[in-house]
Amino acid sequence: MKIHKDSFWSKHIFSEDHKTIGKQFFWLGLFFLFFGGALAMLLRWQLGYPEQPVPIIGKWMWPDDGGIINPDIFNQMFTMHGTIMIFWAITPLLIGAFGNFLIPLQIGAPDMAFPKLNMISFWTMFLASLVLLSSYMLPLGTASGGWTSYPPLSSPAGGIPGLGQTIWTIALILMGAATMMGAINYITTVVRLRAPGMFYFKMPLSVWGLFLASILNAVFVPVIAAGLVMLLLDQTIGTEFFIAGRLASGDPGDPLLFQHVFWIFGHPEVYILILPVWGITSDLLSVFSRKPAYGYKVTAIAMSTVVALSSLVWGHHMYTTGMSPLLGKSFMFLTLLISIPSSMFFLNWLGTLWRGSIHFDTPMLFSMGVIWVFGLGGLTGLYNATVTADIYLHDTMFVVGHFHYTLAASVMFGSFAAIYFWFPKMFGRALDPFIGKVHFWGSFITINYVFFNMMVTGYAGQHRRIYNPTEYDFLKPLSGLNEWITIFAFFLGIFQFLFLLNILWTISRSKICEKNPWKATTLEWTVNYPIPHGNFDEVPIIYYGPHEYSRPDIKDKDWLGQNELMEVKKWQM
Amino acid sequence: MANVIQRIDHTTKTFGILIAMVSIVMLFGTFISSFFVLKIRLMSSVSLPGNTIMIGVVNTMIIIFSSISMMLAKFHYKNDRMINYEIWLLWAIMTGILFIGGQLLLWSELVTVGIPFTFGQLSDMVYLMSGAHGIHVIAGLFILYWLQSLSNELISLDLIKNVGLFWHFLCLIWVTLFTVTLV
Amino acid sequence: MNKPRVMRQLSNRWKTMIHAGIWFKDPPKDVSLDGYRIDSVIQYTDLVIGIYFGIVVVALIYFIYAYRSSLGNGAVYDHGDKKKNVIVTGGLGLLVFCSVDVVIETIAFRDLREAFWNFPKGENVLRIEVLPQQFAWNFRYAGPDDEFGTSDDIIPTQNHMHIPENTPVVVQMASWDVIHSFYLPNFRIKQDATPGMITAIWFQATEKGVFDIACAELCGNGHYKMKGYLTVESKENFDNWLIENAPELPDDDWDDWDDAGEETGIPEEWGWTWKELK
């Protein structure tokens, strides 16, 4: 075993240890999660109380407007909210932090396959973050073309002043490079560095989820990278790949080309974010039901099927662009096909609970929360997949509510479950269960109210990305509901501070907890905190699958670690 | 459990390079499909003047030659002829640099005949694709230079194979891109 | 009981607030011929996913209740990977697919074939060209010669579109600058207008009134007030309105007209030959 001698810099800053890099991603993601959340609160203020001064901070933030958020600022805020939450909060938290932390530990590897690349990946991501945040220094503000950033609006001719949009593109290209490096690392690690006996169908489902997400990352992030490079040239040098109509000086380019490129990446991206959650939820439900994950192989294969299908359905984001009927129908059919594998692993989640012995620890509450919110989020996708219903619902708050159910509610609950569950392994201390439960119930009630009613406002016709819904007569009856959503959103925000306090308090105050507080079977629980650089003293050998709970043939405990050789007693044979 | 190899060996590195190559294929695949989409939309094709095509053909020859040099370098290393190995590796680097020079010549020729950058979408795509490929070739040249500067003990056949794999891949990408531009 | 006035106001305020927060909101009134199709497919989906989600919730709550660890029953060691289990899960997955997805798909394809992608043809179809710009709507009617892009085209005031009742209307649109989306909430339709390409949609009004036209695709900081008015009126009123809005200047006076256009921000000389749909 190689002994790593580390100085402060190589241990905490430019570390090549996957656990340290995972923690770095964790703090980065957490910072941006709260940053994006704060933007969401301000957005909700404007939608609930249109053109009223923001209390407390308004006068200080926008003195020129008397504390009122103006339309430019509003557009910048939802653009940055979307961009930050998707690329800088969820991706680092789930794929960056838990991908890094869990994959080597759970498959019994000493580290990532390419530790140096891993380190470069984080610092590229960090650079991308600085670039993105630097756009707040610009006199004319940040990007404001939406997270989709469709040209021609996002090109200089489209009317967004300043450099914000260009900085946004550069930041995203850097982020894409970081993601690709991470993906190469994860895939290689899973394929090549599994411990002896860790066959694909003995990997925990979390690793399956992260592995499949990495495959999608490696394949589809380059697609958007190519699109963004073309967009960047449109923005800076003056090419006209995506510019047409009055704004084009020569032959017209193709604005729809960018949309296609964006969604060829964008739809798999949705699954990149949700796949780790599916895996984590499947594992955690099994741990806290003290029962093997129901239909483990079916879940793994169903998730892989969704991955394969996800690359064929991007067109359902573009039904209203004037798509040819044949294409529209094909995309609808392919999209609906996804419901078969999804409902299969969803049923498996319920199957895991069935005849289990359910312990209501905080991670379990959040995992069961995922069943609820993902159930709703997945089912409401049906409306958007339907070409006719989507003609009405496209670009309304219904879509916003739907993808917040899948991407915000499900993914956040999945991340919270993961954080509560693996915190003892990451930081050696268990988060406070009482605050955790308050955090869960508070978040669960408010998040459902907020996102369900977003769908209701969308069904009632409110289109998205509008600064002031009261401009329209048909939206006037919704102002009361919008106000309520805002109130609940604020409570949702307040409950997240409980979570933050819980983390900070636990890290600073709590005692180091035992090695395996949840009595889980996977390999990461066999090592003591702090886990040394190199993880395992000797290469673990795997005998069992990841969910050996409540085996009738062992009497003294209800679980069997993946690398524990069961004592076979004579009288049992 | 011999079927699971838990070592960061050269096969692992080859695998990583293969994944990276998949990503790069997707990158250029997007450029190529965008090129065709724009081509169908504009209902025209890039009409490159004869001499630029000539330069392109010569560049293609050069990069194929560079790829072959790399192959020969590997062959000689395998048969323990270190001098020949170094000569052919040097050839691969020199022809790689020559290729970059040739591409720059191609660009300047394009400008001279009146197809500058931002002239039109299709010629811009030609610039973009050759430029993106050029950046990858420059990166490849750095790797070749690094291989060349390694001392004999650090080199292994696997390492040369991995570097060679990437270098042949870049050659293949250019041949594809050049064909696409001519179609 | 005479409550103080302040109290009464407060409690009324509470009532409206609670009402606003809990009761479902109906979509805007449907005034179109085919809007009911969209409403009905949405209602069908509501119903089936309501049932399925209801089953999930009931199962979840029952499992939480019946299999809680405090009962001390212990879990059953069951991997659920026997052929029987897989067939049951797969069968239930297929059942969901057939009862929800296939039905929705059939309804949607029928509606597309019969209505939304079945563009009306013939004499009585009203054709309108729409050109959104940042941040206004321009409309163009063919005028007496029934051809677009000629000097007798009728161009009403920006943001004001009139159509006759019970007449199929085909709208072709292209954007002047960035991508916009022509959204008629009362007609349940929406169509992106993209620069450099012509897209089309059709609808038919069944009621008179003034309705909102909204832009549904982010188009800049004025996106939220890119608002138009669609007036549905009787055929006679509509014809009168067309005559009122007919270009007053003779054909050879294009220059003056152009200047006027520049001042009001209306793009000069737009309009395209009507693109015949297949």
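Scoring rules and cut-offs
- Residues numbered from 1 in each chain as written.
- Chains lettered and ligands numbered in written order.
- Predicted model: local features only at pLDDT ≥ 70, side-chain atom pairs only at ≥ 80, totals over all residues.
- Heavy atoms only, no water.
- Helix = DSSP H or I, 4+ residues; strand = E, 2+ residues; numbered from the N terminus.
- Rg over C-alpha atoms; globule rule 2.2 N^0.38 Å.
- Buried < 20%, exposed > 50% of the residue type's maximum accessible area, 1.4 Å probe, protein only.
- Contact = heavy atoms within 4.5 Å.
- Areas by Shrake-Rupley, 256 points an atom, 1.4 Å probe, with all protein chains shown as cover.
- Lys, Arg positive; Asp, Glu negative; His and termini not counted.
- Charge placed at Lys NZ, Arg CZ, Asp CG, Glu CD.
- Buried area = accessible area lost by both parts, 1.4 Å probe.
- Salt bridge = Lys/Arg side-chain N within 4 Å of Asp/Glu carboxyl O.
- Polar contact = N/O pair within 3.5 Å; in protein donor to acceptor, adjacent residues only side chain to side chain.
- Nonpolar A, V, L, I, M, F, W, Y, C, P; charged D, E, K, R; others polar.
- Axes fitted to C-alpha atoms, helices over the stretch in contact; angles between N-to-C directions.
- Parallel < 35°, antiparallel > 145°, perpendicular 65-115°, else oblique.
- Left-handed = near helix turned anticlockwise from the far one by under 90°.
- Phe/Tyr/Trp six-rings, centres within 6.5 Å; stacked < 30°, edge-to-face > 60°.
- Lys NZ or Arg CZ within 6 Å of the ring centre and 35° of its normal.
- pLDDT = per-residue confidence, 0-100.
- Domains from an automatic or database assignment.
- Pairing = 2+ DSSP bridges.
- Core = buried A, V, L, I, M, F, W, Y, C linked by side-chain atoms within 4.5 Å.

## Some words on the overall build of chain A
Then step 1. Looking only at helices and strands, chain A has 16 helices and zero strands in total.
Then step 2. Since a compact globule built from 573 residues should have a radius of gyration of about 25 Å, the 24 Å found for chain A is in line with a globular shape.
Then step 3. With the principal axes as the frame, chain A shows a C-alpha extent of 85 × 55 × 50 Å.
Then step 4. Buried residues in chain A amount to 69% of all 573 residues.
Then step 5. In chain A, 79% of the contacts between residues at least 6 apart in sequence involve partners at least 24 apart.

## Concerning the overall build of chain C
Then step 1. The helix and strand inventory of chain C stands at five helices and nine strands.
Then step 2. Of the regular secondary structure in chain C, the N- to C-terminal order runs α-α-α-β-β-β-β-β-β-β-β-β-α-α.
Then step 3. Since a compact globule built from 278 residues should have a radius of gyration of about 19 Å, the 27 Å found for chain C marks it as more spread out than a globular shape.
Then step 4. With the C-alpha coordinates aligned to their principal axes, the bounding extent of chain C is approximately 95 × 65 × 35 Å.
Then step 5. Considering chain C as a whole, with its 278 residues, one finds that 51% of them fall into the buried category.
Then step 6. Taking contacts inside chain C between residues at least 6 apart in sequence as the whole, the part at least 24 apart equals 67%.
Then step 7. As presented, chain C carries roughly 13,900 Å² of accessible surface, and 57% of it is formed by carbon and sulfur atoms.
Then step 8. In chain C, the 25 positive side-chain charges and the 41 negative ones have mean positions that sit 21 Å from each other.

## Looking at the interface of chain A and chain C
Put simply, an interface is often sized by how much accessible area is lost when its parts join up.
Then step 1. Contact with chain A, which involves 103 residues of that partner, is made by 84 residues of chain C.
Then step 2. Roughly 8,300 Å² of surface becomes buried between chain A and chain C when both sides are summed, with 69% attributable to carbon and sulfur atoms.
Then step 3. Viewed at the interface, chain C and chain A are joined by two salt bridges.
Then step 4. Of the charged contacts in the structure, one is a salt bridge between C:Asp177 and A:Arg246, with a shortest N-O distance of 3.7 Å.
Then step 5. At the junction of chain A with chain C, the criterion picks out 26 residue pairs in polar contact (both at pLDDT 80 or more).
Then step 6. Across the side of chain A that touches chain C, the residue classes break down as 57 nonpolar, 32 polar and 14 charged.

## Topic: the packing of helix 15 (residues 433–459) of chain A against helix 16 (residues 479–509) of chain A
All names here are of chain A.
Then step 1. Two elements in contact, helix 15 and helix 16, have axes separated by 8 Å at closest approach and are oriented at 155°. Relative to helix 16, the element helix 15 is oriented roughly antiparallel. Both helix 15 and helix 16 take part in a crossing whose hand is left-handed.
Then step 2. Split by residue class, the contact of helix 15 with helix 16 holds 17 nonpolar, ten polar and no charged.

## Focus: the packing of aromatic side chains
Then step 1. Applying the stated criterion to the full structure yields 88 aromatic pairs over all chains.
Then step 2. For the pair A:Phe366 and A:Phe413, a centre-to-centre distance of 5.3 Å together with 80° between the ring planes defines the contact as edge-to-face. Of this pair, A:Phe366 sits in helix 12 (residues 362–385) while A:Phe413 is found in helix 14 (residues 397–426), placing the two residues 47 residues apart along the sequence.
Then step 3. Members of the aromatic cluster, each reached through a chain of ring pairs, are A:Phe366, A:Trp372, A:Phe413, A:Phe416, A:Tyr420, A:Phe440, A:Trp441, A:Phe444, A:Phe499 and C:Phe53.
Then step 4. Positioned above the aromatic ring of C:Tyr65, the side-chain terminus of C:Arg68 is 4.9 Å from the ring centre.
Then step 5. Above the ring of C:Tyr183, the side-chain terminus of C:Lys190 is found at 4.2 Å from the ring centroid.

## Describing the confidence of the model for chain C
Residue and element names in this part refer to chain C.
Then step 1. Summing up the model confidence of chain C, the mean pLDDT is 86 and the portion of residues at 70 or higher is 90%.
Then step 2. Predicted confidence in chain C is weakest over helix 5 (residues 254–264), with a mean pLDDT of 47, and strongest over strand 5 (residues 180–184), with 95.
Then step 3. Confidence drops under pLDDT 50 across residues 256–263; counting only partners more than four residues distant or on other chains, this segment forms eight contacts.

## Some words on the pattern of salt bridges
Then step 1. Applying the stated rule across the entire model yields 21 salt bridges over all chains.
Then step 2. A salt bridge links A:Arg355 to C:Asp78, with the nearest nitrogen and oxygen atoms 3.0 Å apart. Linking A:Arg355 in the loop between helix 11 (339–353) and helix 12 with C:Asp78 in the loop between helix 2 (35–66) and helix 3 (83–116), this pair reaches from one chain into another.
Then step 3. Of the residues examined, A:Arg355 reaches a relative accessible area of 28% and is grouped as partly exposed.
Then step 4. On the basis of relative accessibility, which here comes to 7%, the residue C:Asp78 falls in the buried class.
Then step 5. Connected through salt bridges with shared partners, the residues C:Asp34, C:Arg37, C:Arg110, C:Asp111 and C:Glu114 form a single ionic network.

## Section: the domain arrangement of chain C
Residue and element names in this part refer to chain C.
Then step 1. According to the domain assignment, chain C contains domain 1 (25–116) and domain 2 (126–248).
Then step 2. Taking only C-alpha atoms into account, the centre of domain 1 sits 39 Å from that of domain 2.
Then step 3. Facing 13 residues of domain 1, the contacting portion of domain 2 comprises ten residues.
Then step 4. Interface area for domain 1 against domain 2, summed over the two sides, is near 1,100 Å², with a carbon-plus-sulfur share of 52%.
Then step 5. Where domain 1 packs against domain 2, one counts two salt bridges.
Then step 6. Of the charged contacts in the structure, one is a salt bridge between Asp-39 and Arg-188, with a shortest N-O distance of 2.7 Å.
Then step 7. The interface formed by domain 1 and domain 2 includes eight residue pairs in polar contact (both at pLDDT 80 or more).
Then step 8. Among the elements that line the side of domain 1 that touches domain 2, the one with the most residues is helix 2, at three residues.

## A look at the side chain of A:Glu483
Then step 1. Mapping A:Glu483 onto the fold places it in helix 16.
Then step 2. Among residues more than four places away in sequence, those in contact with A:Glu483 are A:Gly48, A:Tyr49, C:Arg13 and C:Met17.

## Examining the sheet that holds strand 8 (residues 209–215) of chain C
All names here are of chain C.
Then step 1. Overall, mixed pairing links the five strands, which are arranged 3-9-8-5-6 in an open sheet. Each of the sheet's edge strands pairs with one partner strand only, and the pair in question is strand 3 (160–164) and strand 6 (189–193). Adjacent strand axes in the sheet meet at a mean angle of 25° when their direction is disregarded.
Then step 2. Here strand 5 runs beside strand 6; their pairing, made up of five bridges, is antiparallel. Each residue of the ladder has a partner; that of Leu-184, found in strand 6, is Ile-189.
Then step 3. Along the sheet, helix 4 (residues 235–245) makes contact with strand 3 and strand 9 (227–233), crossing strand 3 at roughly 140°.

## Section: the nonpolar core
Then step 1. Of all hydrophobic cores here, the largest spans 328 residues; its most connected members are A:Trp88, C:Met161 and C:Phe203.
Then step 2. By residue number, the principal contributor to this core is helix 4 (residues 71–107) of chain A, which donates 22 residues.
Then step 3. Two domains share this core, each providing at least three of its residues, namely domain 1 (25–116) and domain 2 (126–248) of chain C.
Then step 4. Setting aside its immediate chain neighbours within four residues, C:Met161 contacts C:Ile128, C:Phe139, C:Tyr141, C:Val171, C:Phe182, C:Phe203, C:Ile213, C:Tyr229, C:Leu230 and C:Thr231.

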